[in-house]
Amino acid sequence: NLPRWRPPSSSSSEGGETVQKTSGLLYLFGENAEATRLGISKQNQQWIRRAYGDATIDILKDKPTICSGSTMGEQVAVETYLRAMVNEHD
């Protein structure tokens, strides 16, 4: 058994005190909701179908597309997000 993964933490100094940070801001950007949805985009449908099956496409078809390639945020949040993406698809 592999040890359970824990989110990374970063430290910062505030008023001479070291603070461990275990969460942070993560920014995700949606595509034009008027132009595309998950049920319209053939490319996104293929990715979802391969990973989760047709039933998931039916559930998500009216949801906006969020671009995973345009993500930014604080280091602890980005590292947590990237590890989750790898764990989901590895």
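Residues numbered from 1 in each chain as written. Predicted model: local features only at pLDDT ≥ 70, side-chain atom pairs only at ≥ 80, totals over all residues. Heavy atoms only, no water.

Q: Please explain the pattern of salt bridges as it appears in this structure.
A: Two side chains that carry opposite charge are able to pair once their charged atoms sit near each other. This structure, assessed with the given rule, holds one salt bridge. Asp54 is the partner of Arg49 in a salt bridge, and the nearest nitrogen-oxygen pair spans 2.5 Å. A relative accessible area of 38% means that Arg49 is categorised as partly exposed. (Salt bridge = Lys/Arg side-chain N within 4 Å of Asp/Glu carboxyl O. Buried < 20%, exposed > 50% of the residue type's maximum accessible area, 1.4 Å probe, protein only.)

Q: I tried to follow helix α1 (residues 42-52) on my own but got confused; where do I start?
A: Every α-helical turn comprises 3.6 residues, leaving residues that sit three or four positions apart pointing alike. Of all the positions in α1, only Asn44, Gln45 and Ile48 are classed as buried. The buried side chains of α1 occupy one side of the element, clustering within an arc of 100° when seen end-on. Along α1, exposed side chains directed more than 90 degrees from the buried face belong to Lys42 and Arg50. Packed against the buried residues of α1 are α2 (54-60). (Helix = DSSP H or I, 4+ residues; strand = E, 2+ residues; numbered from the N terminus. Arc of directions from axis to C-beta. Contact = heavy atoms within 4.5 Å.)

Q: I'm lost on a nonpolar patch on the surface in this one. Help?
A: On the surface, Leu25, Tyr27, Phe29 and Met72 cluster together to form a nonpolar patch covering roughly 400 Å² of accessible area. By the element assignment, Tyr27 lies in strand β3 (residues 26-30). Take Tyr27: its relative accessible area is 40%, and that puts it in the partly exposed class. (Patch = residues over 30% accessible without salt bridge, like charges linked within 9 Å, V, L, I, M, F, W, Y side chains within 5 Å. Areas by Shrake-Rupley, 256 points an atom, 1.4 Å probe, with all protein chains shown as cover.)

Q: Any chance you could explain the environment of Leu25 here in plain terms?
A: Mapped onto the elements, Leu25 comes out in the loop between β2 (17-21) and β3. Through-space distance from the C-alpha of Leu25 to that of Gly73 is 5.4 Å; in sequence the pair is 48 residues apart. Excluding residues that lie within four positions of it along the chain, Leu25 makes contacts with Gly73, Glu74 and Ala77.

Q: Explanation requested: the layout of surface pockets in the structure shown.
A: Empty pockets left among the atoms are what a rolling probe the size of a water molecule brings to light. Of the pockets and cavities examined, the largest pocket occupies roughly 640 Å³. What lines the largest pocket is a set of 23 residues, and nearest its centre among them are Asn44, Trp47, Ile48, Ile66 and Ser68. Counting only elements with at least two residues in the lining of the largest pocket, the list comes to α1, α2, β4 (66-73) and α3 (75-89). If you tally residues by element for the lining of the largest pocket, the top one is α1, at seven residues. Across the lining of the largest pocket, the residue classes tally to twelve nonpolar, seven polar and four charged. (1 Å grid on protein atoms, 1.4 Å probe; cavity = no way out; pocket = protein on both sides within 12 Å on 5 of 7 lines; lining within 4 Å. Points joined across faces, edges and corners; volume = space filled by probe spheres on them. Nonpolar A, V, L, I, M, F, W, Y, C, P; charged D, E, K, R; others polar.)

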